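The chain contents come next:
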Amino acid sequence: AVLITGPAGFGKTSFCKWHALQDARAFLDGAARVLPVFVPLHQVLPQAGDKFEDALIQREDIRELLSEEAQRGTRQVRLYLDGLD
């Protein structure tokens, strides 16, 4: 796990997005087994009783893909959590 901190405007979001895109390119090309998931935390609005995965990953298609990958056990997932402030 890596935690990047810094003041606003220092490129943390750009860093996360750029690396998520590079991971996605490698994943789609078959060069890597890491499935990147970029999560802008300002959009996460958990409700009482939500499971962790449902609160964090709001898109149903991404949750299904992650579930399929977990069942196969063939790939890794890398979460880019942006906006931990």
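Everything numeric in this text was worked out from a predicted model, so none of it was measured.

Undergrad: Please provide a residue-by-residue account of the nonpolar core, values included.
TA: In terms of nonpolar packing, the biggest core is built from nine residues, these being Phe27, Leu35, Val37, Val39, Leu41, Val44, Leu56, Ile57 and Leu66. Sort the elements by how many residues they give to this core and strand 1 (residues 34–40) lands first, with three residues. Beyond its immediate stretch of four places on either side in the chain, leucine 56 contacts Val39, Leu41, Val44, Leu79 and Leu81.

Undergrad: Quick rundown of the pairing of strand 1? Include the residues and the values.
TA: Burial runs high along strand 1: six of the seven residues are buried. Of the pairings in the sheet, the one linking strand 1 to strand 2 (residues 76–82) comprises seven bridges and is parallel in character. Across the sheet, residue leucine 35 finds its bridge partner in strand 2, namely valine 77.

Undergrad: Go over a nonpolar patch on the surface with me, naming the residues and quoting the values.
TA: A contiguous nonpolar surface patch, about 290 Å² in accessible area, is contributed by Val2, Ile4 and Phe15. In this structure, phenylalanine 15 sits in helix 1 (residues 12–29).

Undergrad: Can you explain helix 1? Please cite residues and give values.
TA: Every α-helix winds through 3.6 residues per turn, so residues three or four apart in the chain are directed the same way. With 18 residues, helix 1 ought to run about 26 Å at 1.5 Å a step, and its terminal C-alpha atoms sit 26 Å apart, in line with that. Looking at the buried positions of helix 1, the neighbouring elements they touch are strand 1 and strand 2. Positive phi appears at glycine 30, one or two residues downstream of helix 1, with a value of about 80°.

Undergrad: Could you give me a rundown of the pattern of salt bridges, with the residues and numbers involved?
TA: Close approach of charged atoms allows side chains with opposite charge to pair. This structure, assessed with the given rule, holds one salt bridge. For arginine 78, the salt bridge goes to aspartate 23, with nearest N and O atoms at 2.8 Å. A residue pair is termed long-range when its members are at least 10 positions apart, and arginine 78 in strand 2 and aspartate 23 in helix 1 qualify at 55 residues. The exposure class of arginine 78 is partly exposed, given its relative accessible area of 35%. Owing to a relative accessible area of 15%, aspartate 23 belongs among the buried residues under this scheme.

Undergrad: Explain the side chain of aspartate 82 to me, using residue names and the numbers behind them.
TA: Along the polypeptide, aspartate 82 turns up in strand 2. Although aspartate 82 lies buried, it forms no salt bridge, and the closest oppositely charged side chain, lysine 17, sits 6.2 Å away as judged by the N-O distance. Among the polar contacts listed, one links the side chain of aspartate 82 to the side chain of threonine 13, at a separation of 2.9 Å. Setting aside chain neighbours within four positions, we find aspartate 82 in contact with Lys12, Thr13, Phe38, Val39, Pro40 and Leu41.

Rules behind the numbers
- Residue numbering note: each chain is counted from 1, following its sequence as written.
- In keeping with the predicted nature of the model, local features appear solely for residues at pLDDT of at least 70, side-chain atom pairs appear and are counted solely at 80 or more, and the whole-chain, interface and lining totals rest on all residues.
- Excluding hydrogens and water, the side-chain figures rest on all heavy atoms present in the structure.
- Among the buried residues, those of types Ala, Val, Leu, Ile, Met, Phe, Trp, Tyr and Cys that are joined through side-chain atoms within 4.5 Å form a nonpolar core.
- The cut-offs for exposure are 20% and 50% of the maximum accessible area for each residue type, with area from a 1.4 Å probe on protein chains only; residues under the lower value are buried, those over the upper are exposed, and the others partly exposed.
- Secondary structure elements follow DSSP: runs of H or I no shorter than four residues count as helices, runs of E no shorter than two count as strands, and numbering proceeds from the N terminus.
- Note on definitions: a residue-residue contact is assigned when non-hydrogen atoms from the two residues lie within 4.5 Å.
- In short, DSSP must find at least two bridges between two strands for them to pair.
- Patch definition: residues with relative accessible area over 30% and no salt bridge; like charges joined within 9 Å; nonpolar side chains (Val, Leu, Ile, Met, Phe, Trp, Tyr) joined within 5 Å.
- We get accessible surface area from the Shrake-Rupley algorithm with a probe of 1.4 Å; when it comes to residues, only the shown protein chains can shield them.
- Counted as salt bridges are all cases of a side-chain nitrogen of Lys or Arg within 4 Å of a carboxyl oxygen of Asp or Glu.
- For a helix, the expected span equals 1.5 Å multiplied by the residue count minus one.
- Counted as positive: Lys and Arg. Counted as negative: Asp and Glu. His and the chain ends are not counted at all.
- For the purposes of these results, a polar contact is taken to be a pair of N or O atoms within 3.5 Å, where, inside protein, one atom must be able to donate a hydrogen and its partner to accept one; residues adjacent in sequence count only when each atom of the pair is a side-chain atom.

Treat this as a map of the structure, not an account of what it does.
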